[in-house]
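# Close look at the chain arrangement
Now for the letters of each chain:
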Amino acid sequence: MEIKVTTGDITKIETGAIIVDFFEGMEHPAGDTAILDEALGGAISQLVSQGEIKGKLSEITVIHSLGRLPAGRVVVVGLGKQAELTQDKIRGVVAETCRLLRQKNVETIATVNQGAGIAGITIEGAAQVITEGALLGVYSFRQHLTKKAEHGEIKQLTIINADKTNLPALEQGCHKGKVLAEATNLARDMANEPGNYMTPSHMAEVATRLAETYRLELQVLEREQMQELGMGAFLGVAQGSREPPKFIILRYHGGDDKATDVALIGKGITFDSGGISIKPSEGMGEMKGDMAGGAAVMAALSAIAQLKPKINVLALVAATENMPNGSALKPGDILTAMSGKTIEIISTDAEGRLTLADVLDYAKKQGAKQMVDVATLTGAMRVALGDICTGAFTNNQELVNKVIAAGAEAGERIWQMPMYEEYKEQNKSEVADIQNTGGRSAGSITAAQFLAEFAGDTPWVHLDIAGTSTTEKERNYLVKGATGVPVRTLVNLVLALAKQ
Ligand code: BES
Ligand code: MN
Ligand code: ZN
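Analysis parameters
- Residues numbered from 1 in each chain as written.
- Chains lettered and ligands numbered in written order.
- Predicted model: local features only at pLDDT ≥ 70, side-chain atom pairs only at ≥ 80, totals over all residues.
- Heavy atoms only, no water.
- Helix = DSSP H or I, 4+ residues; strand = E, 2+ residues; numbered from the N terminus.
- Rg over C-alpha atoms; globule rule 2.2 N^0.38 Å.
- Buried < 20%, exposed > 50% of the residue type's maximum accessible area, 1.4 Å probe, protein only.
- Areas by Shrake-Rupley, 256 points an atom, 1.4 Å probe, with all protein chains shown as cover.
- Lys, Arg positive; Asp, Glu negative; His and termini not counted.
- Charge placed at Lys NZ, Arg CZ, Asp CG, Glu CD.
- Pairing = 2+ DSSP bridges.
- Axes fitted to C-alpha atoms, helices over the stretch in contact; angles between N-to-C directions.
- Contact = heavy atoms within 4.5 Å.
- Domains from an automatic or database assignment.
- Buried area = accessible area lost by both parts, 1.4 Å probe.
- Salt bridge = Lys/Arg side-chain N within 4 Å of Asp/Glu carboxyl O.
- Donors = N, O, S within 2.8 Å, 3.2 Å for Na, K, Ca; no water.
- Tetrahedral: all angles 85-135°; square planar, octahedral: opposite > 155°, others 65-115°.
- Core = buried A, V, L, I, M, F, W, Y, C linked by side-chain atoms within 4.5 Å.
- Parallel < 35°, antiparallel > 145°, perpendicular 65-115°, else oblique.
- Left-handed = near helix turned anticlockwise from the far one by under 90°.
- Nonpolar A, V, L, I, M, F, W, Y, C, P; charged D, E, K, R; others polar.

We now examine the overall build of the protein chain. On a plain count of helices and strands, the protein chain comes out with 14 helices and 19 strands. Against the globule reference of 23 Å for 500 residues, the protein chain gives a C-alpha radius of gyration of 24 Å, in line with a compact fold. For the C-alpha atoms alone, the extent of the protein chain along its principal axes is close to 80 × 50 × 45 Å. Scored against the burial criterion, the 500 residues of the protein chain give a buried share of 57%. Accessible surface computed for the protein chain: about 20,700 Å², of which carbon and sulfur atoms make up 49%. One way to put it: in the protein chain the 49 positive side-chain charges average out to a point 3 Å from where the 60 negative ones average out.

Strand order in this open sheet of 8 strands is 7-8-10-9-13-17-14-15, and the pairing throughout is mixed. Two strands lie at the open edges of the sheet, namely strand 7 (217-221) and strand 15 (414-416), each paired on one side alone. Taking the axes of each pair of neighbouring strands and ignoring which way they run, one obtains an average angle of 20° across the sheet. Relative to strand 10 (residues 312-322), strand 8 (residues 246-253) runs antiparallel, the two being bridged by 8 bridges. By the bridge assignment, Phe247 is partnered in strand 10 with Ala318. Against the sheet, helix 10 (residues 352-365) touches strand 7, strand 8, strand 9 (262-272), strand 10, strand 13 (371-375) and strand 17 (460-464), its axis set at about 155° to strand 9. With respect to the sheet, helix 13 (residues 443-455) is in contact with strand 13, strand 14 (390-394) and strand 17, its orientation differing from that of strand 17 by roughly 150°.

Next up on the list: the domain arrangement of the protein chain. Per the domain assignment, the segments of the protein chain are domain 1 (2-161) and domain 2 (182-498). Between domain 1 and domain 2, the residue contacts involve 15 residues of the former and 17 residues of the latter. For the domain 1 and domain 2 pair, buried surface summed over both sides reaches about 1,400 Å², with 55% attributable to carbon and sulfur atoms. There are 2 salt bridges connecting domain 1 and domain 2.

Next up on the list: the coordination of the zinc ion (ligand 3). Surrounding the zinc ion (ligand 3) are the protein donor atoms Lys267 (NZ), Asp272 (OD), Asp290 (OD) and Glu351 (OE), which sit 2.0 to 2.4 Å from the metal. Taken as a pair, the zinc ion (ligand 3) and the manganese ion (ligand 2) show a spacing of 3.2 Å, with Asp272 coordinating each metal. A residue pair is termed long-range when its members are at least 10 positions apart, and Asp272 in strand 9 and Asp290 in the loop between strand 9 and helix 9 (292-307) qualify at 18 residues. Like Asp290, Asp272 is buried.

A separate point is the coordination of the manganese ion (ligand 2). For the manganese ion (ligand 2), the full set of protein donor atoms is Asp272 (OD), Asp349 (O), Asp349 (OD) and Glu351 (OE), at a range of 2.1 to 2.2 Å. For the manganese ion (ligand 2), the 6 donor atoms are set out with angles of 70 to 167° between them, so the coordination reads as irregular. As a motif over one chain, the donors of the manganese ion (ligand 2) read D-x76-D-x1-E. The class for Asp272 is buried, based on a relative accessible area of 3%. On the accessibility criterion, Asp349 (23% relative accessible area) is partly exposed.

With that settled, the discussion passes to the nonpolar core. Membership of the largest hydrophobic core comes to 57 residues, with the highest contact counts inside it found for Met190, Met203, Ile248, Leu250, Leu264, Met298 and Val313. With 11 residues, the single largest contributor to this core is helix 9. Beyond its immediate sequence surroundings of up to four residues, Met190 is in contact with Met198, Met203, Val206, Met291, Ala295 and Met298. In this structure, Ala318, Ile345, Ala368 and Met371 belong to the second largest nonpolar core, which totals 40 residues.

What follows deals with the environment of Lys4. Of note, Lys4 is situated in strand 1 (residues 2-7). The spatial distance from the C-alpha of Lys4 to the C-alpha of Leu170 is 9.3 Å, given a sequence separation of 166 residues. Ignoring sequence-local partners within four residues, the contact set of Lys4 consists of Gln156, Leu157, Thr158 and Ile159.

On to the packing of helix 4 (residues 123-137) against helix 5 (residues 167-192), then. Each pair of packed helices can be described by the angle between their axes along with the distance between the axes. Contact pair helix 4 / helix 5: the axes reach a minimum separation of 7 Å and the direction vectors enclose 30°. The orientation of helix 4 with respect to helix 5, classified from their angle, is roughly parallel. Here helix 4 runs over helix 5; the crossing is right-handed. A breakdown of the residues in the contact of helix 4 with helix 5 according to their chemical character gives 9 nonpolar, 7 polar and 5 charged.

What follows is the structure in structure tokens.
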């Protein structure tokens, strides 16, 4: 879908459908909605007085213009109460409207800059979230379907505004929205790809493509180099698979000096069978998405490279399968991590934290001033928070506050979890420095406490996206499958850090 902005008269635009808004509690159409109401001979006011149009959030009313306008349809969307409007509600409503119009085979859409000037939403901000909503809402993963989709495809969405002086702000918002949404859809594509396609080598190929397209610095470490570095924890996980592991290092350089201002770290298990501690077969296929964190940091870096903040960012993904072949890691084994710490393996299915232990240590040795890791780490996280919000864990309140704020701006909700010292007790081993599981209770927290051992004193936030990385059914601008969470949070965070 192409997104454009234009200035002009909404009664003159030729398009399949033009979207205008209506707020709950209003008695009459106002602004652009009133202009189109007049052109339609009062059809909108009539529907309002009959109670069909109430302005409730996500209410969508399609009115055919039947020749009274060059636009084929006028679509009145409810945005709820004016005072309660948020940018995220606009994203959701636009997404739902686009999906409905796609179902009706509408190919071109125009919309007013919905929400601008209301509840503190700027012209730029409205254009951004309209763009995001449209591009995220019509996403579908059809890579391996040989048949064409039953519905059509929306080719173009135009944001139309009567005031020419608004054009630069509209263009800017539109550009940012497009970069953010496309990066999110890239992360979705990667996580939706099955394990036989999205292998560690393939992740490295995607990284190569991103590096070439966006001029990022790329390094991919092979098993031998990782052995030299002593990445015993990560390589322990990788030893049970025939697919070679890849350690992907991407760098964005926007700052004046050479410092690593922030490291973004993503879990990169391209398929998690559980290893020797094998998972039950039911639903195991879902574990093709166990690299969603890695996909998110790679995609975020591609967006950062396009938005060009003045900051240096390091993105790291330790990519491997977790498989149970004859040379696989076994329960009871003891590994030595790159940091020198020894780890007793209780379950080979607690593999994510093993891989991240070495990546966190690597980031620290690269001089990262702060680190954010993103991982589908624990089933317990999904039990605790479902798919509504991501759990955050930290050793630095200031940094987590920034991450939560960046998430709020993106409409990606983040809930901070406790990190009390007492939880560390559960990770104690009798035969090694630490063990890789902490028992059934507080599983997400003990996993985070394990990572904290390797993050050390460096300000660090861990985001457990086991619940939010996928969704089972369509919801606002999310569609079934991978969500691309938290790509937009990470980008917002880096933009905010660059401004300080
Ligand atoms: N990748 C899984 C966590 C997961 C589960 C993500 C469900 C998304 C949906 C992780 O590697 C895992 O297997 N965790 C174990 C840890 C346990 C062995 C301590 C879990 O959650 O059961
Ligand atoms: Mn696992
Ligand atoms: Zn896993």
